[in-house]
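Below, each chain spelled out in residue letters.
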Amino acid sequence: SRGPLDAAFRLALAEAGAEYVSYIPNNAWLVRATKEVAARLAAHPETQSVLPWEPVYKLKAELLVLAMEDKPLPPDAKLNLLIFNGAQAEVLKQLQQLQTATIAEDRSPFGTVVTVSPGEDWLALARLPGVQLLERAYPRARANDLTRARIGVAQNSRTTTNYLGLTGTNVLLSINDFGVDGN
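On a predicted model such as this, the values are computed, not experimentally measured, just so you know.

(A) Focus on the overall build of the chain. Scanning the chain from N- to C-terminus turns up 6 helices and 6 strands. For the chain, the N- to C-terminal ordering of α and β elements is α-β-β-α-α-α-β-α-β-β-β-α. Taken over 183 residues, the chain has a buried fraction of 29%. A separation threshold of at least 6 residues defines the contact pool for the chain, and within that pool the share at least 24 residues apart is 58%. By element, 53% of the accessible surface of the chain is carried by carbon and sulfur atoms, the whole surface being about 13300 Å².

In structure tokens form, the structure reads like this:
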């Protein structure tokens, strides 16, 4: 956008036929659109530019470094692919064609997340039009077993008691975010 994003600009996107996906700093939105819709958006007076969502934009930092240095993924690495809404069936078919093993599927507020075991040409996954983002998939691990030693309430992570008597119960947590337009 040529200026701050507002409801009028979002309405212009919708009227042109674009599907809003997410915000991109600064003053940009990721949208899904046909070539015809992209041309209409480019002609809109409030539009600064319309750019394709290139594969390089899809890579999280860790993967971007590997791609720029033309390095393979570590052995047994898994990837999470965030799929655009409405593109899941197409992407799953393309993954089969690429002989990429699908390990898991999960839903997120941003779309379907598919965990895969990629082949040697892992960058081919970023070239799939239905893929929004790629990141390394790591097995989930409890963080609290390490936190005790890090914050100094225990000498090691295996201690079942601590000198402060902290148990983790009755803890209040407040997460404050500001600057989000509720409308």
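Now that the structure has been shown, we can carry on.
(B) Spatial organisation of the pairing of strand 5 (residues 111-117). When you tally the buried positions in strand 5, you get 6 out of 7 residues, the bulk of the element. With 5 bridges joining them, strand 3 (residues 78-83) and strand 5 adopt antiparallel strand pairing. Bridged to Leu79 within strand 5 is Val116. Across 7 bridges, the pairing between strand 4 (residues 101-108) and strand 5 is antiparallel. Bridge pairing in strand 5 places Arg107 opposite Thr112. Counting the residues that bridge the hairpin from strand 4 to strand 5 gives 2 residues.

(C) View of the nonpolar core. The biggest cluster of nonpolar side chains holds 22 residues, and the ones touching the most others in it are Leu63, Leu79, Leu81, Leu95, Trp122, Leu125 and Leu134. Those elements giving two or more residues to this core turn out to be helix 4 (61-68), strand 3, helix 5 (88-97), strand 5 and strand 6 (131-137). Residues in contact with Leu125, not counting those within four places in the same chain, are Leu79, Leu81, Leu95, Leu98, Thr100, Val116, Pro118, Val131 and Leu134. Counting residues in hydrophobic clusters, the runner-up holds 7 residues, among them Phe9, Leu13, Ala18 and Leu41.

What counts, and where the lines are drawn
Residues numbered from 1 in each chain as written. Predicted model: local features only at pLDDT ≥ 70, side-chain atom pairs only at ≥ 80, totals over all residues. Heavy atoms only, no water. Helix = DSSP H or I, 4+ residues; strand = E, 2+ residues; numbered from the N terminus. Buried < 20%, exposed > 50% of the residue type's maximum accessible area, 1.4 Å probe, protein only. Contact = heavy atoms within 4.5 Å. Areas by Shrake-Rupley, 256 points an atom, 1.4 Å probe, with all protein chains shown as cover. Pairing = 2+ DSSP bridges. Core = buried A, V, L, I, M, F, W, Y, C linked by side-chain atoms within 4.5 Å.

Function cannot be read off these values alone, since they describe shape.
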